[in-house]
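# Examination of the molecular architecture
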Amino acid sequence: MILSVRDLRVSFRTNDGLVRAIDGVSFDLEESEILGVVGESGSGKTVSLLAVMGLITDPNADIEGSIRYKGRELVGLPARELRRLRGNEIAMIFQDPMTALTPVYTVGWQIAEQIRAHRNISKSKAMDRVEELLAEVNFPNPHEAMSRYPHQLSGGMRQRAVIAMALSCNPALLVADEPTTALDVTVQAGILDLVRKLRATHKSAVVFITHDMGVVSELADRVMVMYAGRVVERGSRAELFSDPRHPYTRALLGSIPPLTGEKPRRLPAIPGSPPSLLRLPQGCAFGPRCPVHYEPCATGKPDLGGGTHAAACFRVAQA
Amino acid sequence: MIYAILRRFGQMLFVMFGISVIVFLIFFATPGADPAARIAGRNASPEVLEAVRHSFGFDRPLYVQYVKMMEKIFVTGDLTSFVNRGWKVVPAVLDSIPVTLSLVFGAAILWVVVSIVIGIVAAATRDSWLDKLLMALGLLGISMPVYWLGEVMNLITQSRYHDSWAFSWVPPLGYKNFSDDPKGWFLTLVIPWITLAILYIGIYGRVLRAAIIETLQEDYIRTARAKGLSETRILLRHALRTSLIAFVTLFGLDFGALVGGSALLTEVVFGLHGIGKLTYDALQNLDLPMIMATVMYASMFVVIANAVIDFVYILLDPRLRTS
């Protein structure tokens, strides 16, 4: 077990009240497993993973619960210890490659900086390693790319450079926060291939955050669907796509246009919009938008329950 | 790169030419005023007036007058202000330059170093009591007028506490040449440097703090944290460099203006006969040739300072190198 998150809660104190961004999230991650995390904007996907990275720097944030990495508790770990893990054993790829690299240093320098932050090796050795890494992420001319500044590379190239950077210390856990969202489709496919290949060669476990069901169906071993700061359904890819249980998951899958057969005139959409985290509805957060809600949904919050395939829904529990 | 430098240099010359033409036209071709009478001074005899008119070419077309004026400033260097009974303008300016440069350079080093330290410390300890204290001191520094501060400094170091151990080293007001007496040069300038720098330390410290705090919100700072770098390294290597751009812009403007004569108040308070004092005296007497020369000199420094700043931008930010 690489990562074990139990009952994680992240809340932010704001002038308008307490924002419960994450409200009791639990999940496990095995070695070299890819976990897809799906949900709308504001569902808490990114915040939960930033908490894992220890990157929530807001002084008004409260983090409760337990995050164990290889059995070691990360919540409350001193900053210095956490820094030793970050970039070294746990690496992260960000959403927007355009702004993820410091504009005033070359790509090679920035990758070498990370290697030298965690390994006691010479600058030239680090640079040799950078060249290997850039070759590994399919840069046609890695030696030349090293001396490029971020603005001289295309979006896809920058994302490759960011991935090379994330891999530079052979992390056991890779957190990817919508790494393909800002890229166009052909480039996306290349990045997904790369993640798959790297999982095979580096044996890293990957948490892949996305709002794109298509990406999840291609890449993930297991899937976790989030809504309003809670996990509403989890299961293997096959279970989730062939037998979606939670009405929210079903609605998400229903909004993907079919590749074969007759195309609907209008794609079905989920009515309404995600609730404000400041004023969550009583009972199930999805209740007001749910096509099958009934009395219990208005008062109690459904639990996810145990098992590999589980959904937090009273209807599912009833059936 | 070399082409860019040459092009920038060409632009510089062009701007300076434009400035010289405008300054010339303002002072010597304004309708209704006879520049010969101004230069000759009050109650000048018709012979003197005629000599001035001939020497400056005021009896000939405008472009000839301009060329003659530029020749007197830059080629022969024998531009003479009649008001001052034949004082040569160019040597007077050249004598004042080292005084002003000594004052402004020293103060600039002081304010750049101190304000960078203050900006970094305040940004790193944002919202702490230290940050608040530094920013309050900065505001205090900005609020104190330099002529008042200078007089207070003089009161303390020259009279009230001059005999105490703390200030007995302070020499009397005035300027000593660096080549004659390096130690005296340094000691006479210490108090003026501090006085001039305090205002700018306040401004620059606050500007840099704001710029760093803004940069710390950038995505690439989060990347740097995710890499496992220390907060110190993130601040100094990743946040500071991009934050310095606003700082450098301000510096170019302020430094050029100060060298060009804006240090007048400091110069007057400390009895330093620099460019500011020279310009001020020339304006009092309406000494046109002297004004012409000092304005040309000042514009030259502003233009040069701006060109240097453009190069510093290119060093700081590789994104500006390609275009």
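Everything discussed here concerns the structure shown above.
Please read all numbers here as calculations on a predicted model, not as lab measurements. (Residues numbered from 1 in each chain as written. Chains lettered and ligands numbered in written order. Predicted model: local features only at pLDDT ≥ 70, side-chain atom pairs only at ≥ 80, totals over all residues.)

## With respect to the overall build of chain A
Per the secondary structure count, chain A includes 12 helices and 11 strands. Rg of the C-alpha trace for chain A: 21 Å, near the compact-globule value of 20 Å for 319 residues, within the 12% margin. Summarising its shape, the C-alpha atoms of chain A cover approximately 65 × 50 × 35 Å along the three principal directions. Burial analysis of chain A (319 residues in total) assigns 43% to the buried set. Across chain A, every contact between residues at least 6 apart in sequence was considered, and the portion connecting residues at least 24 apart equals 64%. (Helix = DSSP H or I, 4+ residues; strand = E, 2+ residues; numbered from the N terminus. Rg over C-alpha atoms; globule rule 2.2 N^0.38 Å. Buried ≥ 20, exposed ≤ 12 C-beta atoms within 10 Å, placed from the backbone. Contact = placed C-beta atoms within 7 Å.)

## A word on helix α8 (residues 182-215) of chain B
The terminal C-alpha atoms of α8(B) lie 42 Å apart, and with 34 residues this falls more than 12% below the ideal 50 Å at 1.5 Å per residue. The sharpest bend along α8(B) reaches about 40 degrees and sits at B:L189, with the proline B:P192 one to four residues further on. (Expected span 1.5 Å × (residues − 1). Bend = angle between axes of the 7 residues up to and from the residue.)

## Remarks on the environment of A:N60
Residue and element names in this part refer to chain A. Topologically, N60 is positioned in the loop between α1 (45-53) and β4 (61-69). With 41 residues separating them in the primary sequence, N60 and L101 have C-alpha atoms 27 Å apart. With near-sequence residues (within four places) excluded, N60 lies in contact with F12 and R13.

## A closer look at the sheet that holds strand β6 (residues 90-93) of chain A
Residue and element names in this part refer to chain A. Taken together, 7 strands build an open sheet; the order of strands is β6-β7-β8-β3-β9-β10-β11 and the sheet is mixed. The open sheet has two edge strands with one neighbour each: β6 and β11 (310-311). The sheet contact formed by β6 and strand β7 (residues 173-177) spans 4 bridges and is parallel. For M92, the partnering residue across the bridge sits in β7 and is V175. Where α1 meets the sheet, its contacts fall on β3 (34-38), β6, β7, β8 (205-210) and β9 (222-227), and the angle it forms with β7 comes to roughly 150 degrees. (Pairing = 2+ DSSP bridges. Axes fitted to C-alpha atoms, helices over the stretch in contact; angles between N-to-C directions.)

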